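# Commentary on secondary and tertiary structure
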Amino acid sequence: MGGPPPAYKIDGDGTLAPRWYDVKAWGKRVWAGIITGIVIIIIIVVVVAVVVSKNNKYPDYSKLTYSLSETYSGSTFFDQFDYFTGYDPSAGFVHYVDSSMAAQYNLTYASSSSAVLRVDTSVTSTTVPNASTGRFSVRITSKKQYGLNNLFIFDVKHTPIGCGTWPALWLSDPANWPTNGEIDIMEAVNVVSDAQNQMTLHTSSGCSMGVKRKETGKSLQSSCVNTTNSNAGCGVDAGTSTFGSSFNSAGGGVMAMELRSAGIRMWQFGRSSIPSDVTAGSPDPSTWGEATADFPNTDCNIGNHFRNQSIIANIDLCGSWAGTQSVYSQTCSGTCEDQVANNNTAFTNAYWEFGTFKVYSAST
């Protein structure tokens, strides 16, 4: 016996297939597949990282120091506004009147403590003039326009109520809409008792709110672009009793809107919960807590989308939102146009009552 027997082999060394881990034996096709796989993994990792980073990104709403720059108040409240009299862009069943007709029909008037803007209740479908083609109402636009680094404080004592009504307190540059944007601070339709105030932005392309936000309201849509969702905008539901009977019976409240490059924020304060710094005339949003509606600049360049903003208040009738039958029938019976033309006494509570509007500016 001269030692151990030779190792058992089926084939010679030269005929064995290469092992999968033998990189020296890998061909070009294998290497190409491996490189492609690595590239795909890297792309996935980068995309996930970008998405996670964007979802967690949030602007710096650091404190700005504001000083009073404009006041709308007293018996001269309406002197600082122009009266719109053209065709209603929202296709309303309405005739917006000028300041003379508004005075004649008592649709706008102001005292030392409040300013009222209302829908006409005197005209019927058979009087001269009549309401067969729409009812008299008012839309006012501030003569002054505003840009970034402004804080708006609106004292609202009464919100309009009534089937067929579409009231709004908002800012825009109507001559350049939607390019210069729209900011809706208070808006509701066909309010018969209580409703939820809707705070909304409307823009041209390139503005989305599908990002991290800090707000107490409920987000309704993420796209602010006017060509999406039938121009619903990126709205926020402010919550219960923020428009209508309960809001009015509690004495209304104060709306605040901060317009700055970091974003647009809106707060709604009930009459009993107005911050003391607002009452004192030295408002500091950094102390107010989370906004009711937060529209950060994460995926929307605020400076590009919101320019030359005028303060606007109006009460539209019917139109593309309130007058749509599926919307109107949610709270009202019949048709919107019939209500507006033939039921003049139904608009007794269809009025805005404002206290003082103040605009504060921050130096940059």
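Above this text sits the structure in question.
A brief structural summary. Everything quoted here is computed from the prediction, not taken from an experiment. (Residues numbered from 1 in each chain as written. Predicted model: local features only at pLDDT ≥ 70, side-chain atom pairs only at ≥ 80, totals over all residues. Heavy atoms only, no water.)

### Topic: the overall build of the chain
Helix and strand content of the chain: eight helices and 20 strands. For the chain, the C-alpha radius of gyration of 30 Å lies well beyond 21 Å, the compact-globule estimate for 364 residues. Taken along its principal axes, the extent of the C-alpha atoms in the chain is 130 × 50 × 35 Å. Counting across all 364 residues of the chain, residues that qualify as buried make up 47%. Intrachain contacts of the chain at a sequence separation of at least 6 include 74% that bridge at least 24 residues. Total accessible area on the chain is roughly 17,400 Å²; 53% of this is exposed by carbon and sulfur atoms. (Helix = DSSP H or I, 4+ residues; strand = E, 2+ residues; numbered from the N terminus. Rg over C-alpha atoms; globule rule 2.2 N^0.38 Å. Buried < 20%, exposed > 50% of the residue type's maximum accessible area, 1.4 Å probe, protein only. Contact = heavy atoms within 4.5 Å. Areas by Shrake-Rupley, 256 points an atom, 1.4 Å probe, with all protein chains shown as cover.)

### Describing the side chain of Ser137
The residue Ser137 is located in strand S6 (residues 135–137) in this model. For Ser137, a relative accessible area of 0% puts it in the buried group. A polar atom in the side chain of Ser137 sits 2.7 Å from the backbone oxygen of Ile315. Here Ser137 is in contact with Val94, His95, Tyr96, Val97, Leu107, Arg118, Val119 and Ile315, once residues within four sequence places are set aside. (Polar contact = N/O pair within 3.5 Å; in protein donor to acceptor, adjacent residues only side chain to side chain.)

### A closer look at the pairing of strand S14 (residues 234–237)
Pairing between strand S12 (residues 198–202) and S14: four bridges, direction antiparallel. Note on S14: the bridge partner recorded for Leu201 is Cys234. The sheet contact formed by strand S13 (residues 218–219) and S14 spans two bridges and is antiparallel. Within the sheet, the bridge partner assigned to Ser219 lies in S14 and is Val236. (Pairing = 2+ DSSP bridges.)

### Here's the deal with the sheet that holds strand S2 (residues 81–83)
With antiparallel pairing, eight strands are arranged side by side in an open sheet as S2-S7-S19-S9-S10-S12-S14-S13. With partners counted over all chains shown, the strands left at the sheet margins are S2 and S13, one partner each. Sheet analysis places strand S9 (residues 165–172) next to strand S10 (residues 182–187), joined by five bridges and oriented antiparallel. Each residue of the ladder has a partner; that of Ser172, found in S10, is Glu182.

### A look at empty space enclosed by the protein
It is a probe the size of a water molecule, rolled over the atoms, that shows where empty space is left. On inspection of all chains with the given rule, the structure shows one cavity of 30 Å³ or more. Considering only enclosed or pocket space, the largest cavity measures out at about 40 Å³ in volume. What lines the largest cavity is Tyr61, Ser62, Lys63, Leu64, Tyr66, Glu258, Arg260, Arg265, Asp284, Pro285 and Ser286. Its residues assigned to classes, the lining of the largest cavity shows four nonpolar, two polar and five charged. (1 Å grid on protein atoms, 1.4 Å probe; cavity = no way out; pocket = protein on both sides within 12 Å on 5 of 7 lines; lining within 4 Å. Points joined across faces, edges and corners; volume = space filled by probe spheres on them. Nonpolar A, V, L, I, M, F, W, Y, C, P; charged D, E, K, R; others polar.)

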